[in-house]
Amino acid sequence: MLAASRKWRGEGLALGLVPTMGALHAGHLSLVEQACRENSRVIVSIFVNPIQFGPGEDFERYPRDPERDGELLRTAGVHAVYRPSLAVMYPPGSTTRIHVAGVSEGLEGAARPVHFDGVATVVAKLLSAVEPDRAYFGQKDAQQVAVVKRLVRDLDLPVEIRVCPTVRESDGLALSSRNAYLKPDERRAAVCLSSALRQAAVAYAEGERDPERLRQTLRTRLEIEPLAHVEYAEVVDPRSFTPPGSLAVLAVRVGGTRLIDNHDLSKPFST
Ligand code: PAF
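Described in the following lines is the structure provided in the data block. Predicted model only: the values in this text are computed from it and were never measured.

Points about the nonpolar core
One recurring pattern in soluble globular proteins is that nonpolar side chains are buried together. Residues Ile43, Tyr82, Val123, Val130 and Phe241 are the most contacted members of the largest nonpolar core, which totals 41 residues. Contributions of two or more residues to this core are made by β1 (15-20), α6 (115-130), β4 (134-138), α7 (142-154), β6 (228-236) and β7 (247-254). Per-element tally for this core: the top contributor is α6, with 10 residues. Counting the residues that make up this core, at least three belong to each of domain 1 (3-164) and domain 2 (177-264). Discounting chain neighbours no more than four positions away, the residues touching Ile43 are Leu2, Ser5, Trp8, Leu15, Gly16, Leu17, Val18, Ala80, Tyr82 and Val130. One finds Leu173, Tyr204, Val235 and Leu250 within the second-largest nonpolar core, a separate group that totals 26 residues.

The structure is reproduced here in structure tokens:
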């Protein structure tokens, strides 16, 4: 357990953890703000977790800016930043991986086969190091949220998982550290994700419940964008990540950048 956690827990202070991979943006800072409102002490972890990236994915070029991150977190008033080294997280010979069966296997799990085992393993290690009362995740990574909630439930981990709304640019694009990869024409094209979600939410509000027609609404909007290549556009249950349900989930390559987004169609879409 981290020394800071031991001290604060010993003093009876409520402790919040915001796990991140750095390259912080307003989405992360909204998690930090909520954590600061709900806890007496907040720890932010920054660790670009190699085991959640598959071969050929963007581990090496994932944006890293430790100085800017540190400055943003100081200004936000966090009480400690935990930056474990690779050797601390995965000492030589460490081979254990956590597999959350079912919910981690479709959609993102199918497209990125090692991803959720890597996420579940690192989240379990971070929770074990920090022992927070609450841990904060963004709704933007909806399937990650479902995987982490199942992990915590199945392993009886004594932590409350708090989920914060997706933060969007004024045109609807969900904030993501990977948006930094987008070239100007790709950035303009990337609005097709939020636009597709908005159109499906309108159809749902007008009474459309047929999963195939909702899926088609998503695809039709995405496919008119020449720079976009749809990996999946589905409407699923937010806990199982299988149909039927009302959570629209998208993964779309815009140019060379893979973007994900989601929206609960039973709610109006707003930026
Ligand atoms: O969402 C992220 O930034 C990462 O997947 C997480 C939860 C920090 C685990 O590496």
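What about the sheet that holds β7?
If you trace the three strands from one edge of the open sheet to the other, you get β6-β7-β8, paired in antiparallel fashion. Lying at the two open borders of the sheet, with one neighbouring strand each, are β6 and β8 (257-264). Taken over all neighbouring pairs, the strand axes of this sheet differ in orientation by 15° on average, direction set aside. Pairing between β6 and β7: eight bridges, direction antiparallel. Bridged to Glu234 within β7 is Val249. Contacting β6, β7 and β8, helix α9 (residues 191-205) crosses the sheet at an angle of about 20° to β8. Contacts from helix α10 (residues 211-223) reach β6 and β7, with the element oriented near 160° to β6.

Overview of the site of the ligand
Surrounding the ligand, one finds Pro19, Thr20, Met21, Asn49, Gln52, Val122, Phe137, Asp141 and Gln144. Side-chain polar atom of Gln52 to an oxygen atom of the ligand: 2.6 Å apart, as the coordinates give it. Measuring from an oxygen atom of the ligand, one finds a side-chain N or O atom of Gln144 at 2.7 Å. Calculation on the ligand without its partners gives an accessible area of 290 Å², and the protein chains cover 90% of this total. In terms of residue class, the shell around the ligand is made up of four nonpolar, four polar and one charged.

Points about the environment of Asp237
In this structure, Asp237 sits in the loop between β6 and β7. You can call Asp237 buried: its relative accessible area is 19%. As for Asp237 and Leu247, which are separated by 10 residues in sequence, their C-alpha atoms are 6.0 Å apart. Excluding residues that lie within four positions of it along the chain, Asp237 makes contacts with Thr242, Pro244 and Gly245. Of the polar contacts made by the side chain of Asp237, one reaches the backbone nitrogen of Arg239; its length is 2.9 Å.

Considerations on α9
The end-to-end C-alpha distance of α9, which contains 15 residues, comes to 21 Å, matching closely the 21 Å that a straight helix rising 1.5 Å per residue would cover. The set of residues buried in α9 consists of Cys192, Leu193, Ser194, Ser195, Ala196, Leu197, Ala200, Ala201, Ala203 and Tyr204. Tucked into the core, α9 has its buried residues touching α8 (184-189), α10, β6, β7 and β8. Among the residues trailing α9, Gly207 stands out with phi positive, at a value near 110°.

Describing the state of the cysteines
Following the criterion strictly, the structure yields zero disulfides and no others. Not engaged in a disulfide, the cysteine Cys36 finds its nearest cysteine sulfur in Cys164; these two sulfurs lie 11 Å apart. Exposure remark for Cys36: the relative accessible area of 27% places this residue in the partly exposed category.

Rules and cut-offs
- Residues numbered from 1 in each chain as written.
- Predicted model: local features only at pLDDT ≥ 70, side-chain atom pairs only at ≥ 80, totals over all residues.
- Heavy atoms only, no water.
- Core = buried A, V, L, I, M, F, W, Y, C linked by side-chain atoms within 4.5 Å.
- Buried < 20%, exposed > 50% of the residue type's maximum accessible area, 1.4 Å probe, protein only.
- Helix = DSSP H or I, 4+ residues; strand = E, 2+ residues; numbered from the N terminus.
- Domains from an automatic or database assignment.
- Contact = heavy atoms within 4.5 Å.
- Pairing = 2+ DSSP bridges.
- Axes fitted to C-alpha atoms, helices over the stretch in contact; angles between N-to-C directions.
- Near = heavy atom within 4 Å.
- Polar contact = N/O pair within 3.5 Å; in protein donor to acceptor, adjacent residues only side chain to side chain.
- Areas by Shrake-Rupley, 256 points an atom, 1.4 Å probe, with all protein chains shown as cover.
- Nonpolar A, V, L, I, M, F, W, Y, C, P; charged D, E, K, R; others polar.
- Expected span 1.5 Å × (residues − 1).
- Disulfide = S-S within 2.5 Å.

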